[in-house]
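Take a look at the letters that make up each chain.
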Amino acid sequence: MTAKRIIIFTGGNLSVQLLQEIREDDMIIAADRGALFLIEHGIQPHIAVGDFDSINEEERIIVSNNSIRFITCDPVHKDLTDTEMAFETALDYEPSHILMLGATGTRMDHTLANVHIMVRAMQHHISCAIQDKHNYMTLTTSKAVVEDRDYKYVSLLPLTHEVTGITLDGFMYPLDQATIRMGQSLGVSNKLLGSSGTVTIDSGLLLIIQSKD
């Protein structure tokens, strides 16, 4: 079985407005508390996965009874985070795109680990994004079209020691064959001039963050 797009709902910051991202033909995989969030809002996950240590036993039964498939594990001896378990499950369905919702929150370690999961998606030739109420994050190693998603700013941050050949088209502050190294803020807080802009790079791995306050 293959899936065109998979949405992973995990247990970080989730808002009702993110439910609007669901399309009719999406496959939905929910990790831990993300599954309970969906069910409480009348949406049945195709797969619920995790150790479910962030919900109580009564809520766990609700998730189990209201998910098409329920996968659980021992919370003490597992090696993967719940989000990574959901990601590994998603890989089995060979999607063209993975959208992660609830993948950011107060735990910076989990947030950064989930950004790294996007790198793994690229290694599998799968486009991937993380979205929350204030941010939309993607990666590129070559060329990316940044669409206006009602976020005010667009920031570019290197995820390798340096990213070279950065050229921007359709942005307030253009760049032409620029290099940004880790620790430099040259790419922070740019803005689109219209409905979209293009980011092109020659080498490296670039994190593109659309954000608003």
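Residues numbered from 1 in each chain as written. Predicted model: local features only at pLDDT ≥ 70, side-chain atom pairs only at ≥ 80, totals over all residues. Heavy atoms only, no water.

J.: Would you explain a nonpolar patch on the surface in this entry?
T.: A surface patch of nonpolar side chains, amounting to about 340 Å² of accessible area, comprises M172, Y173 and L193. Considering the arrangement of structural elements, one finds Y173 in the loop between β10 (162-169) and β11 (178-181). (Patch = residues over 30% accessible without salt bridge, like charges linked within 9 Å, V, L, I, M, F, W, Y side chains within 5 Å. Areas by Shrake-Rupley, 256 points an atom, 1.4 Å probe, with all protein chains shown as cover. Salt bridge = Lys/Arg side-chain N within 4 Å of Asp/Glu carboxyl O. Helix = DSSP H or I, 4+ residues; strand = E, 2+ residues; numbered from the N terminus.)

J.: I'm lost on the sheet that holds β11 in this one. Help?
T.: One key point about sheets: their strands pair by backbone hydrogen bonds, in either a parallel or an antiparallel sense. Here we have four strands laid out as an open sheet, ordered β8-β12-β10-β11, and antiparallel in their pairing. One side of each edge strand has no neighbouring strand; the edge strands of this open sheet are β8 (143-147) and β11. Between one strand axis and the next, the sheet turns through 35° on average, direction left out of account. Relative to strand β12 (residues 196-200), β8 is paired through five bridges, and the arrangement is antiparallel. For E147, the partnering residue across the bridge sits in β12 and is S196. (Pairing = 2+ DSSP bridges. Axes fitted to C-alpha atoms, helices over the stretch in contact; angles between N-to-C directions.)

J.: In this structure, what is going on with the packing of helix α1 (residues 33-40) against helix α2 (residues 57-65)? I would like to understand it.
T.: Helices that pack against each other are described as a pair by the angle of their axes relative to one another and the distance between those axes. Running from N to C, α1 and α2 cross one another at 70°; their axes reach a closest spacing of 10 Å. If you check the angle between α1 and α2, you find them roughly perpendicular. The two elements α1 and α2 meet at a crossing, and its hand is left-handed. Of the residues in α2, those in contact with R33, A35, L36 and I39 of α1 are E59, I62 and V63. Across the contact of α1 with α2, the residue classes tally to five nonpolar, no polar and two charged. (Parallel < 35°, antiparallel > 145°, perpendicular 65-115°, else oblique. Left-handed = near helix turned anticlockwise from the far one by under 90°. Contact = heavy atoms within 4.5 Å. Nonpolar A, V, L, I, M, F, W, Y, C, P; charged D, E, K, R; others polar.)

J.: Quick question: what am I supposed to make of the environment of D176 here?
T.: Tracing the backbone shows D176 in the loop between β10 and β11. The sequence separation of D176 and T200 amounts to 24 residues, and the corresponding C-alpha distance is 9.4 Å. If sequence neighbours within four positions are ignored, D176 has contacts with I166 and T167.

J.: What should I look at first to understand the packing of aromatic side chains in this one?
T.: For any two aromatic rings, the description comes down to two numbers: the centre-to-centre distance and the angle of the planes. Tallied over the full model, the rule gives two aromatic pairs. Each ring, one from F52 and one from F70, has its centre 4.9 Å from the other, and the planes form 25°; the classification is stacked. Here F70 lies in strand β4 (residues 69-72) and F52 lies in the loop between β3 (47-50) and α2, a separation of 18 residues in the sequence. Look at F52 and you get buried, because its relative accessible area is 3%. Look at F70 and you get partly exposed, because its relative accessible area is 24%. (Phe/Tyr/Trp six-rings, centres within 6.5 Å; stacked < 30°, edge-to-face > 60°. Buried < 20%, exposed > 50% of the residue type's maximum accessible area, 1.4 Å probe, protein only.)

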